[in-house]
Amino acid sequence: MKRTFMKGCEAIAEAAVRSGCRFFAGYPITPQNEIPEYFARRLPEVGGQFVQGESEVASISMVYGAAQTGTRAMTSSSSCGISLKSEGISYCASAHVPIVYANISRGGPGVGTIQPAQQDYFQATKASGNGGFRMMVFAPSTVQEAADMTYAAFDYAQRDRNPVLILADGVLGAIIEPVVLPPMRPDEEVSAMKKAQRSWALVGHDPAKEPRSFIEPGHWSIQEQEQSCKDNAALYDSWEKDAQEESLMIDDAEIVIAAYGISGRIARSAVSLLRKDGVKVGMIRPKTVSPFPEKAFDKLNYKRVKAILDVEMSIPAQMVYDVRLAVKDRCPIETCLRSGGEVIRREEIIASVRALSKA
Amino acid sequence: MEKVYGRTAAIQKDMVSSLCPGCMHSTMFKLIGEVLEKLDILSRTASVFGIGCCGLGMQYITYDNVTAPHGRACAVATGVKRSTPETIVYTYQGDGDLASIGLGETISAANRGENITVIFVNNGIYGMTGGQMAPTTLVGMKASTAPGGRNPKEHGYPLHMCEILNQLTAPVYLERCTCNTPANVIKTRKAIEKAFQNQIQGAGFSMVEVVTSCPTNWGLDPIESLKFLEEKMLTEFPLGVYRDRQEA
Amino acid sequence: MERNIMVAGFGGQGVMVMGKLLSNAVCDSTTQNVTFFPSYGAEQRGGTANCYVVISDEPVGSPMSDTVDDLVIMNGPSLNKFLGKLKPGGILFINNTIVKDAVSRDDVAIVKAPVTDISLELGNPKVLNVIMLGVYIGYTGILSEELMLATILGQLGKKASLLELNKTAFARGLEIGKAAKGK
């Protein structure tokens, strides 16, 4: 398999194009500028459209518009820019418009820092906008995963007619790593995928011959609105089967690290080093943070596990609440946290595990 | 007997209007529908409606429709048109939607010269939310959020969208019309037709601003509203073609 | 096996390009895992620039380590700032045209190369990073000279004059690196 040496942001953009994405709108914000810049060069080559929107708010609305036509469409931003997109994302979720977006997250709250952080977990998994909608949220930990997850995200978005989020961070956006890129979908396939959406897509229908496309981000009738909420709830429940995680060396583990994304990959190498020293440590790394891979925590042997160590680049910890729900008081949960743009050090994780292991 | 006039196929047959007496939105939905039929583009038109009374039309029309987030109709239309150029895309927006919360989206789409048609319905007040001050509310005109009337020292002056967009290079067509008399209704239909023809020809951004009334929130009956529109609104918002790059 | 490398200097010295070329060559010519991580800040120009390269048999965990095996220092301020990161027994590469400070450690190997002087001698100050890359490969031998050169030539300009310049620059660096290794 041919390896390409690619920056995280660029791999996300290229994988999107290969998956059939033909529309991107975005607004500059560090550390995700390489995504719009890549699309600006790349989309014209494949007959797609790139628009630099006048704001994040406008950009997500453009993507909402483009995706309504059945076109695979994407936007990206970082943290405070993602907040601005909340309006449009909520509309997409309500109106069943399949979009993909990436958050190359940075420190927060507010304008925060431009350095990497994982402060947007709640926003990503619990409330990406008003109305209690949910989305599938993928948390890549390598450039390869970023490419693969973005490629698949468009399929999930169209399957569910719902937004899908790629939750990465400033490190993952900036690092360059070897990546085996997913295959380029041929033009005919991309056109066919768009045509397959035609019945609901906002492309024009003859009112005398066929039902019109009527894309409703809300309902006048309260009965219809309630039904829409129920349908959404059923969709969200159906995602249990889609939860993905990496469980590493958990069989005999006494300490189990829970970490996702950038923290997850750093923790993985901590596990590797600790194991060489004979420390019985394992890891559960959610690859989807929504749906959260709860069942993976049921596979732990709680007679043996002394503690779970939740590792996040977020202060206060956020994913730890999902971990608690999954662990259900079967063992203590501790945290190892950094934030503000500090990338968590492997040595810090190792020290935390050793402390718990001796306790 | 030959049928010389009928309901446009763009309006659903079985719907009864729930718009207020004297509201001109119903006239607008009809005019747009007639134009779409005349130009034979009904089957490939996508309408992007704003939030507010303008959005009520979604229930009445027979063709493709989406509601944009408040103020973002021009951005949504940009996405639809750019990704599917063969589709005819228009936005239908009120003054709060287009000129207040969506001012940035409106100006930016106009400035990019997006090949879309914008129908801007200006009645100088927020309708659905109950009579709050709009960017186009006249000086002295009372609103629920300006109980003493619009005061320039506090609220500034009414915003003139045709004049503002006329400062940009890209737009091809900007006209302000009204619907207070049969003659003006016919003129408005012609303007709408031109705005769609421009899009069919790929000419670029067209906007038709239509000055209308809101008897309910103006606190006037429909006939008094027409008088107010004629005497006050049209003095502040003069009718006419502000730009026509497609003129032979 | 995991090898952590840090390159640091002024913005404009090609620090990022040097890290990228090295890691790109590993990607192109080996099956090893490799990660390049550029530090980034708000400034577009000037200031200090540094980047990390991690080469590993296992998947790379942390793209930036607290301690590094090899430290490449292109300017004075970087020496003071990052010397503490170098592991005992690590290798310190110094651009001694402009880094004149004495190195305050005796538990590391020190390879000095006047790469700014050589680049000026070659008529193009931009090639100092290619010279340093030559020094690095010449000393460590972590990649074959041919594979490293192929990546350099593939990535940096296809103009004939540039090809020659980069070849010469790399060769000059190699000589210094190998000579230092031989000592």
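**Overview of the overall build of chain A**
Line of reasoning, step 1. What chain A contains, in helices and strands, is 13 helices and 15 strands.
Line of reasoning, step 2. For 359 residues, the compact-globule estimate of 2.2 N^0.38 gives 21 Å, and the C-alpha radius of gyration of chain A, at 21 Å, lies within 12% of that figure.
Line of reasoning, step 3. For chain A, the spread of C-alpha atoms along the three principal axes comes to 75 × 50 × 40 Å.
Line of reasoning, step 4. Across the 359 residues that make up chain A, the buried fraction comes to 63%.

**Digging into the interface of chain B and chain A**
Line of reasoning, step 1. On the chain A side, the residues contacting the 36 residues of chain B number 32 residues.
Line of reasoning, step 2. Summed over the three residues of chain B that lose the most area to chain A, namely Asp64(B), Pro69(B) and Arg82(B), the buried surface amounts to 20% of that side.
Line of reasoning, step 3. In this assembly, chain B and chain A are joined by two salt bridges.
Line of reasoning, step 4. Residue Arg112(B) is joined to Glu54(A) by a salt bridge in which the shortest nitrogen-to-oxygen separation is 2.9 Å.
Line of reasoning, step 5. At the junction of chain B with chain A, the criterion picks out 19 residue pairs in polar contact (both at pLDDT 80 or more).
Line of reasoning, step 6. Where the side of chain B that touches chain A is concerned, the elements lending two or more residues are β1 (45-49), β2 (64-67), α2 (73-83) and α4 (103-112) of chain B.

**Here we look at the domain arrangement of chain A**
Residue and element names in this part refer to chain A.
Line of reasoning, step 1. Annotation of chain A at the domain level lists domain 1 (4-195) and domain 2 (245-358).
Line of reasoning, step 2. Distance from the C-alpha centre of domain 1 to the C-alpha centre of domain 2: 27 Å.
Line of reasoning, step 3. Each partner contributes to the interface: domain 1 provides 28 residues, whereas domain 2 provides 27 residues.
Line of reasoning, step 4. Summed over both sides, the interface of domain 1 with domain 2 buries roughly 2200 Å², with 50% coming from carbon and sulfur.
Line of reasoning, step 5. Per-residue buried area on domain 1 facing domain 2 is highest for Gln118, Gln119 and Tyr121; these three make up 33% of the total on that side.
Line of reasoning, step 6. Taken together, the connections running from domain 1 to domain 2 amount to three salt bridges.
Line of reasoning, step 7. Our count for the contact surface shared by domain 1 and domain 2 stands at 18 residue pairs in polar contact (both at pLDDT 80 or more).
Line of reasoning, step 8. Elements supplying a minimum of two residues to the side of domain 1 that touches domain 2: α5 (121-125), β6 (136-138), α6 (143-160), β7 (164-169) and α7 (170-174).
Line of reasoning, step 9. Residue composition of the side of domain 1 that touches domain 2, by class: 15 nonpolar, seven polar and six charged.

**Quick notes on helix α12 (residues 319-327) of chain A**
All names here are of chain A.
Line of reasoning, step 1. For α12, the complete set of buried residues consists of Met319, Val320, Asp322, Val323, Ala326 and Val327. Projected onto a plane normal to the axis of α12, the buried residues spread over an arc of 155° and lie on a single side.
Line of reasoning, step 2. Looking one or two places after α12, you find lysine 328, whose phi comes out positive at around 50°.

**A short note on the nonpolar core**
Line of reasoning, step 1. In terms of nonpolar packing, the biggest core is built from 158 residues, with Phe39(A), Met74(A), Ile257(A), Phe297(A), Ile349(A) and Met207(B) touching the most fellow members.
Line of reasoning, step 2. The element that contributes the greatest number of residues to this core is α6(A), accounting for nine residues.
Line of reasoning, step 3. Lining this core are residues from two domains, each supplying at least three of them: domain 1 (4-195) and domain 2 (245-358) of chain A.
Line of reasoning, step 4. Core analysis: the next-biggest nonpolar cluster, separate from the first, contains 49 residues, Ala143(B), Tyr173(B), Val185(B) and Met233(B) among them.

**Digging into helix α4 (residues 80-95) of chain A**
Line of reasoning, step 1. Look at α4(A): 24 Å from first C-alpha to last across 16 residues, which is about the 22 Å you get at 1.5 Å a residue.
Line of reasoning, step 2. Along its length, α4(A) shows its largest kink, about 45°, at Ser86(A).
Line of reasoning, step 3. Of all 16 residues that make up α4(A), twelve are buried, and the element is covered over most of its length.
Line of reasoning, step 4. Taken together, the buried positions of α4(A) are Gly81(A), Ile82(A), Lys85(A), Ser86(A), Gly88(A), Ile89(A), Ser90(A), Tyr91(A), Cys92(A), Ala93(A), Ser94(A) and Ala95(A).
Line of reasoning, step 5. Where the residues of α4(A) are buried, they touch α3 (56-67), β4 (72-77), β5 (100-105), α5 and β9 (214-215) of chain A together with β2 of chain B.

**Some details on the sheet that holds strand β15 (residues 333-337) of chain A**
Strands belonging to one sheet form pairs held by backbone hydrogen bonds; the direction of such a pair is parallel or antiparallel.
Residues and elements named next belong to chain A.
Line of reasoning, step 1. If you trace the five strands from one edge of the open sheet to the other, you get β10-β12-β11-β14-β15, paired in mixed fashion. The open sheet terminates on both sides in strands that have one partner only, identified here as β10 (245-248) and β15. Neighbouring strand axes in the sheet, compared pairwise and without regard to direction, differ in orientation by 20° on average.
Line of reasoning, step 2. Pairing between β10 and strand β12 (residues 281-286): four bridges, direction antiparallel. Bridge assignment links glutamate 246 to a residue of β12, and that residue is arginine 285.
Line of reasoning, step 3. Across the sheet, α12 is in contact with β11 (255-259), β12, β14 (307-312) and β15; its angle to β14 comes to roughly 155°.

**A word on empty space enclosed by the protein**
Residues and elements named next belong to chain A.
Line of reasoning, step 1. What the rule picks out here adds up to three cavities of 30 Å³ or more.
Line of reasoning, step 2. Roughly 50 Å³ of volume is contained in the largest cavity.
Line of reasoning, step 3. Looking at the largest cavity, the residues that line it are Ser105, Gln118, Gln119, Asp120, Tyr121, Pro140, Leu167, Ala168, Asp169, Tyr260, Gly261 and Ile262.
Line of reasoning, step 4. Among the secondary structure elements, those contributing two or more residues to the lining of the largest cavity are β7 and α10 (261-276).
Line of reasoning, step 5. Considering each element in turn, the lining of the largest cavity owes the most residues, three residues, to β7.

**Describing the pairing of strand β4 (residues 117-122) of chain B**
Residues and elements named next belong to chain B.
Line of reasoning, step 1. Here β4 lies mainly inside the structure; six of its six residues are buried.
Line of reasoning, step 2. Burial of β4 is two-sided: the residues Thr117, Ile119 and Val121 facing one way and the residues Val118, Phe120 and Asn122 facing the other way are all buried.
Line of reasoning, step 3. As paired strands, strand β3 (residues 88-94) and β4 are joined by five bridges and run parallel to one another. Counted as the bridge partner of threonine 91 is valine 118 from β4.
Line of reasoning, step 4. By the bridge criterion, six bridges tie β4 to strand β6 (residues 206-211) in an arrangement that is parallel. From the neighbouring strand, valine 121 faces β6, where its bridge partner is valine 210.

**Considering the interface of chain A and chain C**
Line of reasoning, step 1. Each partner contributes residues to the interface: chain A has 27 residues there, and chain C has 27 residues.
Line of reasoning, step 2. The interface formed by chain A and chain C includes three salt bridges.
Line of reasoning, step 3. Close ionic contact of Glu2(C) with Arg346(A) constitutes a salt bridge, the shortest N to O distance being 2.8 Å.
Line of reasoning, step 4. Where chain A packs against chain C, one counts twelve residue pairs in polar contact (both at pLDDT 80 or more).
Line of reasoning, step 5. Every element with two or more residues in the side of chain A that touches chain C is listed here: β1 (4-7), α7, β8 (176-179), α10 and α13 (346-358) of chain A.
Line of reasoning, step 6. Take the side of chain A that touches chain C: its biggest share by element is seven residues, from α10(A).
Line of reasoning, step 7. In terms of residue class, the side of chain A that touches chain C is built from twelve nonpolar, six polar and nine charged.

**Observations concerning the packing of helix α1 (residues 15-29) of chain C against helix α4 (residues 128-140) of chain C**
Residue and element names in this part refer to chain C.
Line of reasoning, step 1. Between α1 and α4, the shortest axis-to-axis distance is 9 Å and the interhelical angle comes to 45°. Our classification of the angle between α1 and α4 gives oblique. Judged by the sense of rotation from one axis to the other, the crossing of α1 with α4 is right-handed. Between α1 and α4, the residues in contact are Val17, Met18, Leu21 and Leu22 and Asn129, Met132, Leu133, Tyr136 and Ile137, respectively.
Line of reasoning, step 2. Partitioning the contact of α1 with α4 into residue classes produces eight nonpolar, one polar and no charged.

What counts and what doesn't
- The numbers attached to residues start from 1 for each chain and follow its sequence in the written order.
- Each chain is given a letter, starting from A, and each ligand a number, starting from 1, according to the order in which they appear as written.
- Only residues with pLDDT of at least 70 are given local features in this predicted model, and only at 80 or more are side-chain atom pairs given and counted; all residues enter the totals for whole chains, interfaces and linings.
- Side-chain calculation: all heavy atoms of the structure are included, whereas hydrogens and water are not.
- The helix and strand labels rest on DSSP assignments: H or I over at least four residues marks a helix, E over at least two residues marks a strand, and numbering proceeds from the N terminus.
- Two things to know: the radius of gyration comes from C-alpha atoms, and the globule rule equals 2.2 Å times the number of residues to the power 0.38.
- Burial classes: relative accessible area under 20% of the type maximum marks a residue as buried, over 50% as exposed, and values in between as partly exposed (1.4 Å probe, protein chains only).
- Contacts are assigned to residue pairs that have any heavy atoms within 4.5 Å of one another.
- The term buried area refers to how much accessible surface (probe radius 1.4 Å) is lost by two components on association, counted for both of them together.
- We define a salt bridge as a contact between a side-chain nitrogen of Lys or Arg and a carboxyl oxygen of Asp or Glu at a distance within 4 Å.
- Whenever a nitrogen or oxygen atom comes within 3.5 Å of another N or O atom, the pair is scored as a polar contact, on the condition that within protein one atom can donate a hydrogen and the other can accept it, and that pairs from neighbouring residues in sequence are kept only if both atoms are in side chains.
- Each domain span listed reflects an automatic or database assignment of domains.
- Three classes are used: nonpolar for Ala, Val, Leu, Ile, Met, Phe, Trp, Tyr, Cys and Pro, charged for Asp, Glu, Lys and Arg, and polar for all others, with Gly counted as polar.
- Throughout, the arc means that of the directions going from the helix axis to the C-beta atoms.
- The nonpolar core is taken to be a set of buried Ala, Val, Leu, Ile, Met, Phe, Trp, Tyr and Cys residues, with the residues joined through side-chain atoms within 4.5 Å.
- The span one expects for a helix is its residue count, reduced by one, times 1.5 Å.
- The bend reported for a residue corresponds to the angle between axes fitted to the seven residues ending at that residue and the seven starting there.
- Pairing between strands is defined by DSSP: at least two bridges between them are needed.
- Simply put, an axis is a line fit to the C-alpha atoms, just over the touching stretch for a helix, and the angle between two N-to-C directions goes from 0 to 180 degrees.
- Points on a 1 Å grid over protein atoms alone make up a cavity when a 1.4 Å probe fits among them but cannot get out, and a pocket when they form an open set with protein on both sides within 12 Å along at least five of seven lines; lining residues each have an atom within 4 Å of a point.
- Grid points are joined across faces, edges and corners, and a volume is the space filled by probe spheres set on the points.
- Here roughly perpendicular refers to angles of 65 to 115 degrees, roughly parallel to angles under 35, roughly antiparallel to angles over 145, and oblique to all remaining angles.
- Handedness of a helix crossing follows the sense of rotation of the near helix relative to the far helix, less than a right angle counterclockwise being left-handed and clockwise being right-handed.

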